[in-house]
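Chain residues, written in single-letter form:
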Amino acid sequence: QVQLVESGGGLVQPGGSLRLSCAASGFTFGDYTMSWYRQAPGKERELVATIASFGSLTNYADSVKGRFTISRDNAKNTGYLQMNSLKPEDTAVYYCRVNRRYLGLIWGQGTQVTVSS
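Residues numbered from 1 in each chain as written. Predicted model: local features only at pLDDT ≥ 70, side-chain atom pairs only at ≥ 80, totals over all residues. Heavy atoms only, no water.

On to the pairing of strand β11 (residues 111–115), then. A one-sided burial pattern is seen for β11, the buried positions being T111, V113 and V115 and the unburied ones Q112 and T114. For strand β2 (residues 10–12) and β11, the ladder comprises three bridges, and the chain directions are parallel. Counterpart to L11 in the pairing with β11 is T114. Sheet topology note: the strand β9 (residues 92–99)/β11 ladder contains three bridges and is antiparallel. Looking across to β11, one finds that A92 is bridged to V113. (Buried < 20%, exposed > 50% of the residue type's maximum accessible area, 1.4 Å probe, protein only. Helix = DSSP H or I, 4+ residues; strand = E, 2+ residues; numbered from the N terminus. Pairing = 2+ DSSP bridges.)

It is worth spelling out the state of the cysteines at this point. Overall, the coordinates contain one disulfide when judged by the stated rule. Bridging C22 to C96, the disulfide has an S-S length of 2.1 Å. Here the S-S torsion is close to 65 degrees, and the disulfide linking C22 with C96 is therefore right-handed. Taken as a pair, C22 in strand β3 (residues 18–25) and C96 in strand β9 lie far apart in primary sequence, 74 residues in all. (Disulfide = S-S within 2.5 Å.)

Set out below in structure tokens:
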């Protein structure tokens with residue numbers, strides 16, 4: 001079964017850190033670009049970060065540059081999002097997505113991140 005499963009979300013205080021994981025199964029994870037998106041209540045889903053298939057190229061939203069790091073371990077079929085210096089405005093449901101080009105997009109179910117004191 002082709003799927004992505006996120007984990008690692010939770011409640012953290014401002015200034016804290018979390019690491020999200022995205023476990024892939026049912027396809028060759030290392031062949032495709034992976035991205036993290038987030039959606040806050042009442043807002044549209046937005047792109048947070050993207051990493052190319054072999055990890056050589058990354059891209060970040062301006063709002064997270066210098067605080068978040070996207071990475072992947074293709075041998076483990078897993079992608080990551082390290083989030084440091086978290087702010088209340090980072091509160092959202094975080095989703096990973098893989099673009100399999102002509103085979104279509106795969107989305108995970110999402111993991112909640114809440115930044116609050």
